[in-house]
Amino acid sequence: MTAAIIDGRGVADEVLLLLAPRIEQLRLRGITPGLVALRVGDDPASEIYVRLKARKAEEIGLRGIQKHLPSSISRQELLSEIRSLNQDDAVDGILLQLPLPAHLDAKEILDAIDPRKDVDGFHPLNVGKLHQGRPSLLPCTPAGVIRLIESTGTDLRGKRAVVVGRSDIVGKPAAALLLRKDATVTLAHSKSTDLAAIVREAEILVAAAGRACMVTADMIRPGAIVIDVGINRVDKDSPQASRIRDPRKLELLETKGFAVVGDVEYHGAREVASWITPVPFGVGPMTIAMLMANTVQSAEERRG
């Protein structure tokens, strides 16, 4: 068996296509949904992520605004910036790019964002609604994970799903969304006893632990759907490099000295699973697409 590849870019394009008539309806009412992406400091990865999100917003007819604030900004100054965006009626979505500089408390800053404009779905009010099954702005990556699984035509009702990773950003909300779909869900993590045995039970596997190639082919149930959320840089001389089997990644290790890999050892897993997402171009495009969807939803709900 060789798994079919779930094309994250293709599914993301479908999501964006469905947004087009909704954006047009808002435009006819004189409304252009506005997304503000806040970046604090000079983390190079954050700069790339913010630029991609703002550019995609502009491409589909939204206003994508990048705000770069200095790493020396005080807690009070950043909270004041958030309050200003909360009060700006032209702003429908506020995205705070993480990580923040060490002197800032990310939870405090995220909690200050208006829940109606919390397009990342991180505010405690939206998190609570998620776990109660009430309508809310959903976390982008977990919502994208569900879309990717459903793109395979799989009915999640009654399926045994395992989520590896218990982060507030991906693992926990992904488990909650799978429960909403009537899957039977196990939330596992690096300290779970006999993790390999737990993973082997999964008909649906979501790997989101942030550890390069931690899920190997022998851990995967034959025919499972594998969604790899991990994005990990592996250097040529690191212990993880010896576990890479994908020829494309091995070539990158030789030519560039590093490669970006997921939490799943892709080359081996593809010989066992029925469906699998690649890294990159699997979950990543869906995160951005769902962010756009949340911004449009916020604009619709805030403007009646």
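Before any of the text, the structure's been laid out above.
Residues numbered from 1 in each chain as written. Predicted model: local features only at pLDDT ≥ 70, side-chain atom pairs only at ≥ 80, totals over all residues. Heavy atoms only, no water.

(A) Highlighting the overall build of the protein chain. For the protein chain, the count of helices and strands is 11 helices and 11 strands. Since a compact globule built from 304 residues should have a radius of gyration of about 19 Å, the 20 Å found for the protein chain is in line with a globular shape. The principal-axis extents of the C-alpha atoms in the protein chain amount to approximately 55 × 40 × 35 Å. Total accessible area computed for the protein chain in this model is approximately 14,100 Å², and 52% of it derives from carbon and sulfur atoms. (Helix = DSSP H or I, 4+ residues; strand = E, 2+ residues; numbered from the N terminus. Rg over C-alpha atoms; globule rule 2.2 N^0.38 Å. Areas by Shrake-Rupley, 256 points an atom, 1.4 Å probe, with all protein chains shown as cover.)

(B) Local environment of the packing of aromatic side chains. Under the defined criterion, the tally for this structure stands at 0 aromatic pairs. Here the basic side chain of Arg 9 rests over the ring of Phe 281, its NZ or CZ set 4.0 Å away from the ring centre. One Lys or Arg, Arg 233, reaches over the ring of Phe 258 and ends 3.8 Å from the middle of that ring. (Phe/Tyr/Trp six-rings, centres within 6.5 Å; stacked < 30°, edge-to-face > 60°. Lys NZ or Arg CZ within 6 Å of the ring centre and 35° of its normal.)

(C) Molecular detail of the pairing of strand E4 (residues 93–96). Side chains of E4 alternate between two faces, with Gly 93 and Leu 95 and Ile 94 and Leu 96 buried alike. Here 4 bridges tie strand E2 (residues 34–40) to E4, and the two strands are oriented parallel to one another. Bridging across to E4, Leu 35 finds its partner in Gly 93. (Buried < 20%, exposed > 50% of the residue type's maximum accessible area, 1.4 Å probe, protein only. Pairing = 2+ DSSP bridges.)

(D) Looking closely at helix H3 (residues 75–87). Compared with the 18 Å implied by 1.5 Å per residue over 13 residues, the 19 Å span of H3 between its first and last C-alpha is a close match. Restricting attention to buried positions, one finds in H3 the residues Leu 78, Leu 79, Glu 81, Ile 82, Leu 85 and Asn 86. Down the axis, H3 shows its buried residues gathered within 155° of arc, on one side only. Packing partners of the buried residues in H3 comprise E2, strand E3 (63–69), E4 and helix H4 (106–111). (Expected span 1.5 Å × (residues − 1). Arc of directions from axis to C-beta. Contact = heavy atoms within 4.5 Å.)

(E) Quick look at the packing of helix H6 (residues 140–150) against helix H7 (residues 171–180). As a packed pair, H6 and H7 sit with axes 8 Å apart at the nearest point and diverge in direction by 45°. Between H6 and H7, the interaxial angle falls into the category oblique. Crossing angle aside, the handedness with which H6 passes H7 is right-handed. On H7, the residues that touch Pro 142, Ala 143, Ile 146 and Ile 149 of H6 are Pro 173, Ala 174, Leu 177 and Leu 178. Residue composition of the contact of H6 with H7, grouped by class: 8 nonpolar, no polar and no charged. (Axes fitted to C-alpha atoms, helices over the stretch in contact; angles between N-to-C directions. Parallel < 35°, antiparallel > 145°, perpendicular 65-115°, else oblique. Left-handed = near helix turned anticlockwise from the far one by under 90°. Nonpolar A, V, L, I, M, F, W, Y, C, P; charged D, E, K, R; others polar.)

(F) A look at the sheet that holds strand E11 (residues 275–276). With parallel pairing, 6 strands are arranged side by side in an open sheet as E1-E11-E8-E7-E5-E6. Bordering the open sheet on either side are strand E1 (4–5) and strand E6 (184–188), each of which pairs with just one other strand.

(G) Seen up close, H6. Judged by how many residues are buried, H6 sits mostly within the fold: 9 of 11 residues are covered. Taken together, the buried positions of H6 are occupied by Cys 140, Thr 141, Pro 142, Ala 143, Gly 144, Val 145, Ile 146, Leu 148 and Ile 149. For H6, the secondary structure elements touched by its buried residues are helix H1 (8–28), H7, strand E7 (204–207), strand E8 (225–228) and helix H11 (283–302).

(H) Quick peek at a nonpolar patch on the surface. On the surface, Ile 48, Tyr 49, Leu 52 and Ile 231 cluster together to form a nonpolar patch covering roughly 350 Å² of accessible area. Mapped onto the elements, Leu 52 comes out in helix H2 (residues 44–59). (Patch = residues over 30% accessible without salt bridge, like charges linked within 9 Å, V, L, I, M, F, W, Y side chains within 5 Å. Salt bridge = Lys/Arg side-chain N within 4 Å of Asp/Glu carboxyl O.)

(I) Quick peek at empty space enclosed by the protein. Applying the stated criterion to the full structure yields 1 cavity of 30 Å³ or more. By volume, the largest cavity amounts to about 120 Å³. Taken together, 17 residues line the largest cavity, and the ones lying closest to its centre are Asp 246, Lys 249, Gly 262, Val 264 and Tyr 266. Across the lining of the largest cavity, the residue classes break down as 8 nonpolar, 2 polar and 7 charged. (1 Å grid on protein atoms, 1.4 Å probe; cavity = no way out; pocket = protein on both sides within 12 Å on 5 of 7 lines; lining within 4 Å. Points joined across faces, edges and corners; volume = space filled by probe spheres on them.)

(J) Region of interest: the packing of H1 against H11. H11 packs onto H1 with a crossing angle of 15° between their chain directions and a minimal axis gap of 9 Å. Classified by the interaxial angle, the pair formed by H1 and H11 is roughly parallel. Crossing of H1 against H11: the hand is left-handed. The residues of H11 that touch H1, namely those facing Gly 8, Arg 9, Val 11, Ala 12, Val 15, Leu 16, Leu 19, Arg 22, Ile 23 and Leu 26, are Pro 285, Met 286, Ala 289, Met 290, Met 292, Ala 293, Val 296, Gln 297, Ala 299 and Glu 300.

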